[in-house]
Structures are given as structure tokens and as C-alpha cells.
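If you want the building blocks of each chain, they are given just below.
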Amino acid sequence: MPVPAPPIRTLDALLPEPLPLMMGVGPTPIPEPVARAHARVLNHLGPLMNGVVESLKDLGRYVLQTGNPRVFGISGPGSAAMEMAMANLLWPGRRALVVVNGTFSGRLAEMGRRAEAEVVTLGVAPGHGVDPERVAEALKQGRFDVVAMVQGETSCGACNFAVPEVAALAQQAGALMVVDTVVTLSTMPLQTDDWGLDVVLSAGQKGLACVPGISLVTFSERAWQQIEARPKPPAQWVLDARLAASFWMEHTYHYTAPTSSILALHEALRLIAEETLPIRHDRHERHSRAVQRGMEALGLEMFAPPEHRLRSALAIRLPPGLDAPTLLAHMEERFNIQMAGAFGLPIFRVGQLGEQCRREPVLRTMDAMGQSLAALGVPCDPRAGVEAAEAVLGEVEVGRVAG
Ligand SMILES: *Cc1c(COP(=O)(O)O)cnc(C)c1O
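What counts, and where the lines are drawn
- Numbering of residues starts from 1 in each chain and follows the order in which that chain's sequence is written.
- Reporting in this predicted model follows two pLDDT cut-offs: at least 70 for local features of residues, and 80 or more for side-chain atom pairs to be given and counted; totals over whole chains, interfaces and linings ignore these cut-offs and use all residues.
- Think of the side-chain values as coming from all heavy atoms in the structure, minus any hydrogens and water.
- Here the rule is simple: two strands pair whenever DSSP picks up at least two bridges between them.
- The numbering of helices and of strands both runs from the N terminus, where a helix is a DSSP run of H or I of at least 4 residues and a strand a run of E of at least 2.
- By definition, the crossover connecting two strands over a helix is right-handed if that path, from the first strand to the second, turns clockwise as seen with the strands pointing away from the viewer.
- Accessibility here uses a 1.4 Å probe with only protein chains present; expressed as a share of the type maximum, an area under 20% marks a residue as buried, one over 50% as exposed, and anything in between as partly exposed.
- Consider each residue's heavy atoms; a residue with any of them within 4 Å of a molecule or strand counts as near.
- A 3.5 Å cut-off defines polar contacts: any pair of N or O atoms within that distance qualifies, except that in protein one atom must be a possible hydrogen donor and the other a possible acceptor, and neighbouring residues in sequence count only when both atoms are side-chain atoms.
- Per-residue accessibility takes into account occlusion by the displayed protein chains alone, with areas from the Shrake-Rupley method and a 1.4 Å probe.
- When residues are grouped by polarity, Ala, Val, Leu, Ile, Met, Phe, Trp, Tyr, Cys and Pro land in nonpolar, Asp, Glu, Lys and Arg in charged, and all others, Gly among them, in polar.
- Buried and open spaces are told apart on a 1 Å grid over the protein atoms alone, a cavity being a set of points where a 1.4 Å probe fits but cannot get out and a pocket being an open set with protein on both sides within 12 Å along at least five of seven lines. Residues with an atom within 4 Å of a point are the lining residues.
- Grid points are joined across faces, edges and corners, and a volume is the space filled by probe spheres set on the points.
- The convention used is that axes are lines fitted to C-alpha atoms, helices contributing only their stretch in contact, and that angles between N-to-C directions extend from 0 to 180 degrees.
- Any angle that falls under 35 degrees is termed roughly parallel, while one over 145 is termed roughly antiparallel, one within 65 to 115 roughly perpendicular, and all others oblique.
- Contacts: residue pairs with any heavy atoms within 4.5 Å of one another.

Draft legend 1. Fine view of the pairing of strand E4 (residues 118–123). Inspection of the sheet shows strand E3 (residues 95–100) paired to E4 by six bridges, in the parallel sense. Note that in E4 the partner of Arg95 across the bridge is Glu118. With helix H5 (residues 103–114) bridging E3 and the parallel E4, this β-α-β connection has right-handed handedness.

What follows is the structure, encoded as C-alpha cells:
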């Protein structure tokens, strides 16, 4: 029996106009040049694409602060970049120490176990960054080939500010250092070379303000030598770093590269380089501070203490008697603003990533939060949030709107 065509629904019928403002922790809004680039398709091989790839790698080296020749894009989510790192550096007989602050760092550990390596986890309380002394202790418990951690743990709003200290310890112990910067790259300082990081990975849809489905990774020379000396290739053919190098270094076929997403990532990285990292970091810090002061003025409390707080993904404690689904539904239905819930913690999360760190989305979100909390019976002055945020931002937009 032939299958008949289904009832046809156009995207115009499926989606509201305008689309919701995405103030969750990814995906995030994209600037116009990224959207335009993403609308085009180019042959994945040949001089035009080669020029784009080389330019993207140069821009990537700036954003990652590295001189590594090996900067690769990956067709896939941030998890694909995590898996490329873990699956290529680990195999049976290898040992990894993974700092686990929450869901995403826990995923790094799981990927190490699936590569059949021996994985030792160092658990950190939710909302806290790791104390490097605990890493030093753990590294004394045996030989480790890899130390892996996240710079920012999105699930609980915690930041591992000690990445440089941990990387120095890893280096002393002869281990490679892997850092997941999916929620932090371009939003706060990261020095791949100066900190001695061996593998740094990130994804498009968070601070880079690009589309989901394209990710980024860089390998140091030290890491690459170990990958070349593997006893056998990883089980993952698509994520085999040596095969990926055929496209990203030699411009030959591995799989059909996602040329539209690569064009989009090129534009996202170009906009970051034009804004410059110091100005972009400052813009993130200031807008995040505006949201934090705004939430506090509405009587809410940050989950992570300031010295462990991730600025780019804010975890905020739910007020007594209010659950996350109720608050999120109200924000979306009344104000067309989306925020994020949590993985089992009494929090909700607001992103301060890329284009979310602009005056208009921040003030609109704070205004809607005040009105939503008041409507849901939380005692507060509904205008206090937007006023406190405005006081931080002042009248001047930090950094120019790119494009
Ligand atoms: C979002 C995120 C990931 C996973 O990215 P996906 O694109 O969802 O696979 C990994 N690590 C961190 C820190 C993240 O925030």
C-alpha cells in the first residue's frame, strides 16, 4: 500500500511569529550575518571551500587563543566534540581523571568509560568549581593519561575557575588536559596555549551565537602524537580525529562536510574577532551582572556562590512554593520568552550567551520576570528587577551590535 501524503502543515502554521526569545542556555539567538551565511550551500571540496576552511581555522585560533595547526570543525552537537576528544585519546588500558561538577562533565566520564578506558571521577558539589588541591591529591593515586573537565558546568551554573591550575597539575603528572568550553568559549578568558591545554572543544549554539549542529575542537602537538600512536583506531569512524584531519588539514574527503553550518561558524567567529575578545568578555560580564542584580532585586537568590559562579549560564534558586515548569510556562505563554529548567535541582536557568547579552533582551526578560513572579503570587516589586538591571547597564550598550 502506498503511504498517502500527510496533512500538510507549513512552518508558518507550526511556528508563532515572532518566534520565542531564547533566554535559555542554548541554542541562543544568532546575528543576521550568521543567518545569511547559513542559508547558503557550497561544494564541500575545492578552492572556494578550502579558502573558507583556512580562514575559519585562523579565526578559531584567535577565539581559542592557540597556535595549534589542528583546529577542526565537527558536524554534530557539542557532545560530538566531547566524544571526538574522549574517544580519540582513550582506549583500553588508558586512565582518565574526570572532574564532575554536574551533567555535562558526567557525560565526559561516561564517554571515557565507553572508550573502555579506566575512568576515575572527582565529584564536586553542585554549584561549586573544583579545588585544585583535590585534583593534586587525586593525581597521586596513580598514573593518568588524561585529565578532563568543563570550564563551565551548565547544569548547575558552576565555573571551574581553576582550569589553569588543574592544567599545570596535569602537565606535571604527564597527563593530557581536555577542557569542554561549550558554555564558556568567547564569554570569559580561555588561553589554550598559555594554560597548556591539550584539547579544547566547544559548540556553535551557545556563546559563539551560531546555529546548533556544528562544533569546534583543537588538538595540541602532544595530544596529536598520542592519537597517531594509538594501538588501533577508535570505534567511531565519523569522529576519528585522524580521518577528520583529511578534510580539515588536507582538504580531501572524509564525509560531506556541513558546508552551510561551516559558513555560519565562519561568520560567528569573524564577528567575535571583530568585536575582540576583551570587549566581548566585558559585555558578557556586565550583562550577566545586570541579570544577577535584577533577579536579586526581585528577591531571588543565585544558586552558586560568587567565587564559583558561571556568568554565562545563571542558575537561580526557585522561590518557595514555585516550581520551574509553572514559571517557565508563564514566561513563555505570556511573554514569549523561553528559559531553562534544571536536571533535578531546585533552580531555573537563564543564559547570558552571545546575543542574549544585549540591553533589549536583558531588560525585556527582567520586566517579564517581575510581572510573572507577581502574577504567580511571589511577593516582590515587579519593577525592581528591570530597574536594578538598568542601573548596571547604564545608558550605554557595551560593544556594538555586530553586522
Ligand atoms: C550544552 C553543553 C554540552 C552539550 O552540547 P550539545 O550540543 O547539547 O551536545 C556539553 N558541555 C557543556 C558544558 C554544555 O553546556
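Structure's up, so let's keep going.
Draft legend 2. Broad picture of the pairing of strand E13 (residues 347–351). Among the five residues of E13, five are classified as buried, and the element is accordingly described as predominantly covered. Relative to E13, strand E11 (residues 313–317) is paired through five bridges, and the arrangement is antiparallel. Residue pairing across strands places Ile316 opposite Phe348, the latter belonging to E13.

Draft legend 3. View of the site of the ligand. Near the ligand, the surroundings consist of 13 residues, among which Ser79, Thr154, Asp180, Gln205 and Lys206 are the closest. One of the side-chain nitrogen or oxygen atoms of Thr154 is found 2.3 Å away from an oxygen atom of the ligand. Gln205 places a side-chain nitrogen or oxygen 2.7 Å from an oxygen atom of the ligand. Out of a free accessible area of 380 Å², the ligand has 89% covered by protein chains. Split by residue class, the shell around the ligand holds five nonpolar, five polar and three charged.

Draft legend 4. Seen up close, empty space enclosed by the protein. Across all of its chains, the model carries two cavities of 30 Å³ or more by this definition. Its boundaries defined by the atoms lining it, the second largest cavity holds a volume of some 50 Å³. Among the residues making up the lining of the second largest cavity, the classes are represented as seven nonpolar, three polar and no charged.

Draft legend 5. Fine view of the packing of helix H11 (residues 277–297) against helix H13 (residues 359–375). Closest axis-to-axis distance for the H11/H13 pair is 10 Å, and the angle between their directions is 10 degrees. One way to sum up the angle between H11 and H13 is to call them roughly parallel. Every residue of H13 that contacts H11 at His287, Ala290, Val291, Gly294 and Met295 is listed here: Arg359, Val362, Met366 and Met369. Tallied by class, the residues present in the contact of H11 with H13 amount to six nonpolar, two polar and one charged.

Draft legend 6. Spatial organisation of the sheet that holds strand E2 (residues 71–75). Strand order in the open sheet formed by seven strands is E2-E10-E9-E8-E5-E3-E4, and the pairing between neighbours is mixed. Looking along the sheet, the strands with just one partner apiece sit at the ends: E2 and E4. On average, adjacent strands in this sheet sit at an angle of 20 degrees to one another, irrespective of strand direction. Pairing analysis gives three bridges linking E3 to strand E5 (residues 146–150), with the strands arranged parallel.

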